[in-house]
2 protein chains.
Amino acid sequence: MADESLFEFLHMEIVSHIFNEQQSGKGEMDNKDRAACISLLEAMGFRVGQGLIERLTRDTPTFKDELDIMKFICKDFWTKVFRRQVDNLRTNHQGTYVLQDNKFALLTQFSAGKQYLDQAPKYLAFSCGVVRGALSNLGLESVVTAEVSVMPSCKCRWNTNT
Amino acid sequence: MADESLFEFLHMEIVSHIFNEQQSGKGEMDNKDRAACISLLEAMGFRVGQGLIERLTRDTPTFKDELDIMKFICKDFWTKVFRRQVDNLRTNHQGTYVLQDNKFALLTQFSAGKQYLDQAPKYLAFSCGVVRGALSNLGLESVVTAEVSVMPSCKCRWNTNT
């Protein structure tokens, strides 16, 4: 329990540190500033994802194909990293995957509902990076995005046709 | 396993982010810059420690005295947060406590030995903050320091006579 909280608390500190430091000295942040923060968090996640997948696949036999990789990411990786089984997974069989987690670990601190939806992107950037980093280390370049329509549910979408 | 790594990887990212951003634009960091980074990491740890202890003591009966608190910090708290039992604990019964962990979680990524000793303070500041934050929320103001004489062993020392 404390392990999870340790990560979650540290993650919240990072998000607020990065946004505060970007804002310091300026009155308001514009979209460009916000994008710079999101991209910094995503890059951190990317490196963390690379590290994690190396550990997690150490004793795994080679993957047969892309679908095999996706099964691993959505089952083993997601469960171990975000501590929940995904609630839904869809693919168009052309490189787009949409994974739904109805109680996403990094959003459970928020009030459920739509009140803080505008804050969600800050708290999803790191996780998008983690998924992109993991896929990248398995040889798949991708674009990963996440969207929330009601907290704490999250849809993570990625495309490997980049 | 991934949980732990997730925290450890994120922690390493934070440390390098904070040091890099302090250094950017300057050639070399001086002691003042380094102290500013350490203090930033310590402050993050402080807030994380405050959050963690609130969760961990939710179902714990009130503590009788300072020694009771210390037992909790060194047994339950340390074990849950850093995932190891402490190897040694000493006190002078006048407010100074020295806790030894011979395989400290945030130092296991380093080569064992003395090669990277000069890097240790960067990677201990956050944890010192965590302990100080936890003690502070239990009503004990303290000064917490950590020292390493050989990796990955760590001595964490705190004093409540501040």
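Predicted, not measured: the structure shown is a model, and the values here were computed from it. (Residues numbered from 1 in each chain as written. Chains lettered and ligands numbered in written order. Predicted model: local features only at pLDDT ≥ 70, side-chain atom pairs only at ≥ 80, totals over all residues. Heavy atoms only, no water.)

Novice: How do you make sense of the overall build of chain A when you look at a structure like this?
Specialist: Along the backbone of chain A there are four helices and four strands. Secondary structure elements of chain A occur, N-terminal to C-terminal, as α-α-α-β-β-α-β-β. Expected size for 162 residues packed as a compact globule is a radius of gyration near 15 Å; at 16 Å, chain A falls within 12% of this value. Here the C-alpha coordinates of chain A stretch approximately 50 × 35 × 30 Å along the principal axes. Evaluated residue by residue, chain A yields a buried proportion of 48% over its 162 residues. Sequence-distant contacts, at least 24 apart, represent 59% of the contacts inside chain A between residues at least 6 apart. Of the roughly 8000 Å² of accessible surface on chain A, 47% is carried by carbon and sulfur atoms. Taking the average location of the 19 positive side-chain charges in chain A and that of its 20 negative ones, the two points are 4 Å from each other. (Helix = DSSP H or I, 4+ residues; strand = E, 2+ residues; numbered from the N terminus. Rg over C-alpha atoms; globule rule 2.2 N^0.38 Å. Buried < 20%, exposed > 50% of the residue type's maximum accessible area, 1.4 Å probe, protein only. Contact = heavy atoms within 4.5 Å. Areas by Shrake-Rupley, 256 points an atom, 1.4 Å probe, with all protein chains shown as cover. Lys, Arg positive; Asp, Glu negative; His and termini not counted. Charge placed at Lys NZ, Arg CZ, Asp CG, Glu CD.)

Novice: Help me out: how do you make sense of the interface of chain B and chain A in this one?
Specialist: A common way to state how big an interface is: give the accessible area lost once the parts meet. Each side of the interface is counted separately: chain B has 29 residues, and chain A has 29 residues. Of all residues in chain B, Leu-6, Leu-10 and Arg-55 of chain B bury the most surface against chain A, accounting for 23% of the area lost on that side. At the surface where chain B touches chain A, the tally comes to two salt bridges. As a salt-bridge pair, Glu-13 of chain A and Arg-47 of chain B come within 2.7 Å of each other at their nearest N and O atoms. Scanning the region where chain B abuts chain A turns up eight residue pairs in polar contact (both at pLDDT 80 or more). Of all the secondary-structure elements, those providing two or more residues to the side of chain B that touches chain A are helix H1 (2–23), helix H2 (31–56) and helix H3 (66–82) of chain B. With 15 residues, H1 of chain B is the single largest residue contributor to the side of chain B that touches chain A. Across the side of chain B that touches chain A, the residue classes break down as 15 nonpolar, five polar and nine charged. (Buried area = accessible area lost by both parts, 1.4 Å probe. Salt bridge = Lys/Arg side-chain N within 4 Å of Asp/Glu carboxyl O. Polar contact = N/O pair within 3.5 Å; in protein donor to acceptor, adjacent residues only side chain to side chain. Nonpolar A, V, L, I, M, F, W, Y, C, P; charged D, E, K, R; others polar.)

Novice: Help me understand the side chain of His-17 of chain B, please; the structure alone is not making it clear to me.
Specialist: Relative to the helices and strands, His-17 of chain B resides in helix H1. Owing to a relative accessible area of 12%, His-17 of chain B belongs among the buried residues under this scheme. Ignoring sequence-local partners within four residues, the contact set of His-17 of chain B consists of His-17, Ile-18, Glu-21, Leu-40 and Met-44 of chain A.

Novice: Would you take a moment to explain the relation of the copies chain B and chain A for this structure?
Specialist: Related by rotation about an axis and a shift along that axis, the two copies of the chain form a pair. Least-squares fitting of chain B to chain A yields an RMSD of 0.0 Å, with the superposition described by an axial translation of 0.0 Å and a rotation of 180 degrees. Here the transformation between the copies is reduced to the relation of a two-fold axis. Residue Phe-7 of chain B of chain B places its C-alpha closer to the rotation axis than any other residue of that unit, at 2.4 Å. Mapped onto chain A, 100% of the interface residues of chain B again fall at the interface, so both copies present the same surface. (Least-squares fit on C-alpha atoms with pLDDT ≥ 70 in both.)

Novice: Hey, could you run me through the nonpolar core in this one?
Specialist: By size, the foremost hydrophobic cluster in this structure holds 99 residues, and its most contacted members are Phe-77 and Trp-158 of chain A together with Phe-77 and Trp-158 of chain B. Residues within four places of Phe-77 of chain B in sequence aside, it is in contact with Leu-52, Ile-53, Leu-56, Phe-72, Phe-82, Val-130 and Ala-134 of chain B. (Core = buried A, V, L, I, M, F, W, Y, C linked by side-chain atoms within 4.5 Å.)

All quantities given are derived from atomic positions and should not be read as evidence of function.
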